[in-house]
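Descriptive structure summary
Chain by chain, the residues run as shown.
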Amino acid sequence: MATSSSQTLALQRNSSEQNRFMEKLMTKIFNFYDEQSLIDVTFKVSNPTAFVPAHRLVLAAASPYFENLFNGNQGTNPIIEINDIDSDIFEHLVIFCYTGQAHITVDNVAAMLNAAIVLQLDDAITSIVDYLMAHIDEYTLQGAYTLEREMKCELLRQKIFEYETQNFMEISRSDEFLNFDVEKVQRILVSDNLNITREENAYDAIQRWYNYDVPARQEQLPLLIACLRLTQFKVDFLMTHIQPLPGCELLAFKALSWIREPTTRPMINMRFTKPRGISATNCDEKTILALCSTLNPKLLQYNKTEDKWQEYAIIKMDYELYRTILKDDNLFFIGGCKKMARLNVVRSWNIRNKTWQNLPGMIEARRRHCVVELNDKIYAIGGYGDNVLSSVERYSTSDGWKFVNSLIVERYDAGAVTLNGKIYIMGGCNGKSQSLKSVECYNPDSNTWNYCADMTEHHNFACVTVHKGHIYVLSRRGSERYDPQQNTWSQICFLNVCPGRMTCVSLDNKLWAIGDRSKSAGKPCLSVFDEENSCWVERCSLPESNVFNGFVVPESLLSSM
């Protein structure tokens, strides 16, 4: 008989006792492997030919690849052939399934990564990528670039990017840098963590890249110059170095106006106005924007000092049931419904300048779906089309909208977040309008969805956020928290509000719930979770009750108000 989720949760409450039990259990299981005892499957692997014994249950628990293999037509065979992985690499990764450790060397790291991706061993992929980056001098950066292109490993791409920003001065002088495509150079240059001593260093790198192939790169030059913190340059530098560049005259004019005429700054649309390290995505003081209602939604700004809300803007819109995310200085409104007609429209609204821009529409019209951003790409997940949808599509500036693998279960009115390089979607309703407890996780490296542990309650119309490395879900049914390391859900203190629409955010190392009527005061309120005493503390009231989304933004972004 399967162990119930309540029994599993009870077992996991005593973490030290559980850790001892699990350590003893895994030691015994590995001893079975080492002694080839109770073996129930053997793999015949090529190059050179070898036979690798194992236990189906252990491998299936470690990887969806093995789980699907054993549930397939040939999964019951006592001997299964593996033809696309060398025998020593395969055996190393089978041992990883038992121990969580892999024998990685500079010589085998490429083959290990390729095999780990094929076998869908996410933890092994992480270990291999970490090893590669720790030994980058031996493996060479050029080798890492080649491996990333061949494997299309998102985690490796992310780690290389972190290395590039940290070692930008060295990399910008390398031959590899001259062959970067414009999107890659952009991605590096916009980073607030770019390790340079002065902004001129970034300008010099652009000039070197541009001069390598002027005819082919002339149209792309303004895209890169726009990534610079132009307001940090002196006026003479802007006039003698930036303004003469083809296509950069307007960028120089805006920066000059910003410097010379401070009173006009609220009317100047510039992406970056502060030095690196204290700009809109880093150390600037943050506050909350709350999006209320759906038709002609109102944006409310929270004043932390005075503990009160004030109107920031009313956004003119004639449709609803869209979903919204924050990307850079813009709110993206994606999909929706107008007079019962479903929409695939995508528009961005600039918070600083309060102006609209139209973007390419989704492939599929959606409402009551989920949207998230991961690795600079936007994902639209599930929702309602002609029926309840399981389809998922992804947008990037280079490729537009493209479908990726669908959800395991179609759902709408779900919650979704990104955490540790993956997407989690939870709850909502299925095609039979049944509320769901189920949770799915998407890995962009393998383009696969896998089940996680179910929530303790059914949640739809829930608000979700990531806070201190955990996922929090708040709804009229209760509040709970997900630990991605343990793959477990636990209930937290119930938020004592009347049912309605609310949102939640993580700000200043605290969890904030916004909206819904307080049962004590009878007004929509802002509440903060007191983790030490496991209770919610009410703060100020809101002028609006239906809060559909909340965003943490730099206060400087709203200074033009």
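Our structure's up above, just so we're on the same page.
This text gives an overview of the structure that appears in the document. (Residues numbered from 1 in each chain as written. Predicted model: local features only at pLDDT ≥ 70, side-chain atom pairs only at ≥ 80, totals over all residues. Heavy atoms only, no water.)

1. Things to note about the pairing of strand 4 (residues 286–292)
Two faces make up the sheet, and in a regular strand the side chains alternate between them. Stated precisely, the cut-off is as follows: Note on exposure labels: buried denotes an accessible area under 20% of the residue type's maximum, exposed denotes more than 50%, and partly exposed covers the range between, all computed with a 1.4 Å probe on protein chains only. Put simply, DSSP H or I for four residues or longer makes a helix, DSSP E for two residues or longer makes a strand, and each gets a number counted from the N terminus. When DSSP locates at least two bridges between a pair of strands, those strands are taken to pair.
A large share of strand 4 lies buried, amounting to seven of its seven residues. Neither face of strand 4 is left uncovered, since the one carrying Lys-286, Ile-288, Ala-290 and Cys-292 and the one carrying Thr-287, Leu-289 and Leu-291 both have all their residues buried. In terms of strand pairing, strand 4 meets strand 27 (residues 547–554) through seven bridges, oriented antiparallel. Bridge pairing in strand 27 links Leu-291 to Asn-549. Two elements, strand 4 and strand 5 (residues 298–303), share four bridges in a ladder whose sense is antiparallel. Among the inter-strand pairings, Ala-290 is bridged to a residue of strand 5, identified as Leu-300. In this antiparallel pair of consecutive strands, strand 4 and strand 5, the connection spans five residues, and Ser-293 shows a positive phi of 65°.

2. Here we look at the sheet that holds strand 14 (residues 400–404)
So the rule is basically this: Lines fitted to the C-alpha atoms define the axes, with helices restricted to the stretch that makes contact. Angles between their N-to-C directions range from 0 to 180 degrees.
Read across the sheet, four strands follow the order 11-12-13-14 without closing on themselves; strand pairing throughout is antiparallel. Both outer strands of the open sheet, strand 11 (370–374) and strand 14, are each paired with one neighbouring strand and no more. Taking each pair of neighbouring strands and ignoring which way they run, the sheet shows an average axis angle of 25°. Sheet topology places strand 11 next to strand 12 (residues 377–381); five bridges connect them, and they run antiparallel. Each residue of the ladder has a partner; that of Val-371, found in strand 12, is Ala-380.

3. Let's talk about the pairing of strand 25 (residues 524–530)
Among the seven residues in strand 25, six count as buried, and that is most of the element. Counted between consecutive antiparallel strands, the loop separating strand 25 from strand 26 (residues 535–541) contains four residues, among which Ser-534 sits at a positive phi close to 50°.

4. Comments concerning the packing of helix 5 (residues 87–99) against helix 6 (residues 109–118)
Here is the rule we go by: To sort the angles, those under 35 degrees are grouped as roughly parallel, those over 145 as roughly antiparallel, those from 65 to 115 as roughly perpendicular, and the leftovers as oblique. Each crossing is labelled by how the near helix is turned from the far one, with a counterclockwise turn of less than a right angle marking it left-handed and a clockwise turn marking it right-handed. By the convention used here, residues are in contact when the closest approach between their heavy atoms is within 4.5 Å. Note on residue classes: Ala, Val, Leu, Ile, Met, Phe, Trp, Tyr, Cys and Pro are nonpolar, Asp, Glu, Lys and Arg are charged, and everything else, Gly too, is polar.
Where helix 5 contacts helix 6, the axes come no closer than 10 Å and their chain directions differ by 60°. Classified by the angle between their axes, helix 5 and helix 6 sit oblique to one another. Here the hand of the crossing between helix 5 and helix 6 comes out right-handed. Taken together, the residues of helix 6 that come into contact with helix 5 (itself represented by Ile-89, His-92 and Leu-93) are Ala-111, Met-112, Ala-115 and Ala-116. Here the contact of helix 5 with helix 6 is built from residues that sort into six nonpolar, one polar and no charged.

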